[in-house]
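Given next are the chains, with one letter for each unit.
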Amino acid sequence: MKVKRQKNVRHVLSFYKNNFSYNEPYQVLIDGTFCKAALQFKVDIKEQLPKYLEGNVQLLTTSCVLAELEAFGQLMYGAFLVAKRFKPRKCGHKGAPVPAADCLLSLVKPHNEQHYFVATQDPLLTQKLKNIPAVPLLYLNKATPVLDRPSARSVAKAEGLQDTKIGLSEHEASVLKAMKDEPTTVQQKKKRKRPKAPNPLSCKPKKQKTSDTGDQKSGQTAGKRKRKRKRKGKKPATSVMPTV
């Protein structure tokens, strides 16, 4: 089993152990759809589930599940042989079997006091079981067993149990939860946008003003005439008259 899958299984199991006192051996109720999927993908349930859950497991079924599989005849005969290997749990429907989904629901309602796991591939049954708190669900993803994450009802039930442990009443717990969910007034108010200060690196330095004395000196120098220096030109060469 991969490390990530192993961590997920341990995390879910610790949730049920810490909040609902689940302990070994884990009691797993198995229906006909799970048996059929295991037969299709060649999964040995007795070998794979204890290894996947990393603990002792009791694999259970009911007389109603067996009766329903037997009623389908050759279509579900292989699944019937698989389910027949598991220990039947007394469900109170002996002699008058009910549909397998209703039978399993009657065993876990209203709060799953017997700490049953339920292994099924039936989506309608899965949805109904998720509305009951503290029911771990197992299913097959092809040849891989999967322990489903806790339902919303299970998480809410666990939070309520934690609140009662620390001495909060139901009213105080509901108020505390509403306060957690309600956004604060600071978050509701929009922050006022203020003009940002200019970047000092992008600003040009200001030109320094010249002092009055400097202006006077510059005025005096401007008033004076500049003398032009006369350049001495070369003397013209004297012509010598030739003597006759």
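Cut-offs used in this document
- Throughout this description, residue numbers start from 1 for each chain and increase along the sequence as written.
- At least 70 in pLDDT is required for a residue's local features to be given in this predicted model, at least 80 for side-chain atom pairs to be given and counted, and no such filter applies to totals for whole chains, interfaces and linings, which use all residues.
- Note that water and hydrogens are dropped before the side-chain values are worked out from all heavy atoms of the structure.
- To qualify as a helix, a DSSP run of H or I must reach at least 4 residues; to qualify as a strand, a run of E must reach at least 2; elements of each kind are numbered from the N terminus.
- Under the scheme applied here, a residue whose accessible area is under 20% of the maximum for its type counts as buried, over 50% as exposed, and between as partly exposed, the area being computed with a 1.4 Å probe on protein chains only.
- Strands pair, by our definition, only if DSSP identifies at least two bridges between them.
- We define a nonpolar core as any set of buried Ala, Val, Leu, Ile, Met, Phe, Trp, Tyr and Cys residues linked to one another through side-chain atoms lying within 4.5 Å.
- We call two residues contacting when some pair of their heavy atoms lies within 4.5 Å.
- Every angle, taken between N-to-C directions, lies between 0 and 180 degrees, and every axis is a line fitted to C-alpha atoms, over only the stretch in contact when it is a helix.
- Counted as salt bridges are all cases of a side-chain nitrogen of Lys or Arg within 4 Å of a carboxyl oxygen of Asp or Glu.

1. A few points about the environment of Leu125
Phase 1 of the analysis: Residue position: Leu125 is located in helix H7 (residues 123–130).
Phase 2 of the analysis: Residue Leu125 is classed as buried on the basis of its relative accessible area of 2%.
Phase 3 of the analysis: Each C-alpha atom of the pair Leu125 and Ala100 lies 9.6 Å from the other, and the pair is 25 residues apart in sequence.

2. Considering the pairing of strand E1 (residues 26–30)
Phase 1 of the analysis: Summarising burial for E1: five of the five residues are buried, a large majority.
Phase 2 of the analysis: Judged by which residues are buried, E1 turns out to be covered on both faces: Tyr26, Val28 and Ile30 on one side and Gln27 and Leu29 on the other are all buried.
Phase 3 of the analysis: When E1 meets strand E2 (residues 57–62), the two strands line up parallel, connected through four bridges. Across the sheet, the residue bridging to Val28 is Leu59, located in E2.
Phase 4 of the analysis: Of the pairings in the sheet, the one linking E1 to strand E4 (residues 116–119) comprises four bridges and is parallel in character. Looking at E4, one finds that Val28 is bridged to Phe117.

3. Section: the nonpolar core
Phase 1 of the analysis: Counting 39 residues, the largest nonpolar core has Val28, Ile30, Ile45 and Leu138 as the members making the most contacts within it.
Phase 2 of the analysis: Among the elements that take part in this core, helix H1 (residues 3–20) stands out by supplying six residues, more than any other.
Phase 3 of the analysis: If sequence neighbours within four positions are ignored, Val28 has contacts with Leu49, Val57, Gln58, Leu59, Leu60, Phe117, Ala119 and Leu138.

4. Remarks on the sheet that holds E4
Sheets are built from strands that pair by backbone hydrogen bonding, the pairs being arranged parallel or antiparallel.
Phase 1 of the analysis: Here six strands make up an open sheet; going across it, the order is E3-E2-E1-E4-E5-E6 and the pairing mixed. Edge strands, defined here as strands with exactly one partner in the open sheet, are strand E3 (87–89) and strand E6 (144–147). Across the sheet, the mean angle from the axis of one strand to that of its neighbour is 35°, orientation sign disregarded.
Phase 2 of the analysis: Where helix H4 (residues 63–71) meets the sheet, it contacts E1 and E2, and its direction lies at approximately 60° from that of E2.

5. Some remarks on the pattern of salt bridges
Phase 1 of the analysis: According to the stated counting rule, one finds three salt bridges in the structure shown.
Phase 2 of the analysis: Salt-bridge contacts for Lys130 lead to Asp148; the nearest nitrogen and oxygen are separated by 3.5 Å. Of this pair, Lys130 sits in helix H7 while Asp148 sits in the loop between E6 and helix H8 (152–165), placing them 18 residues apart in sequence.

6. Comments concerning unusual backbone geometry
Phase 1 of the analysis: A cis geometry characterises the amide bond from Glu24 onward to Pro25, with omega recorded as -5°.
Phase 2 of the analysis: Of note, Pro25 is situated in the loop between H1 and E1.
Phase 3 of the analysis: Residues Lys109 and Pro110 are joined by a peptide bond in cis, for which omega reads -5°.
Phase 4 of the analysis: Mapped onto the elements of the fold, Pro110 is located in the loop between helix H6 (100–108) and E4.
Phase 5 of the analysis: A positive phi angle, near 60°, is found at Ser21, a position not held by glycine.
Phase 6 of the analysis: Along the chain, the position of Ser21 falls in the loop between H1 and E1.
Phase 7 of the analysis: In this structure Ser21 comes out as partly exposed when scored by relative accessible area, which is 46%.
Phase 8 of the analysis: A positive phi is found at Glu54, a non-glycine position, where the angle reads about 55°.

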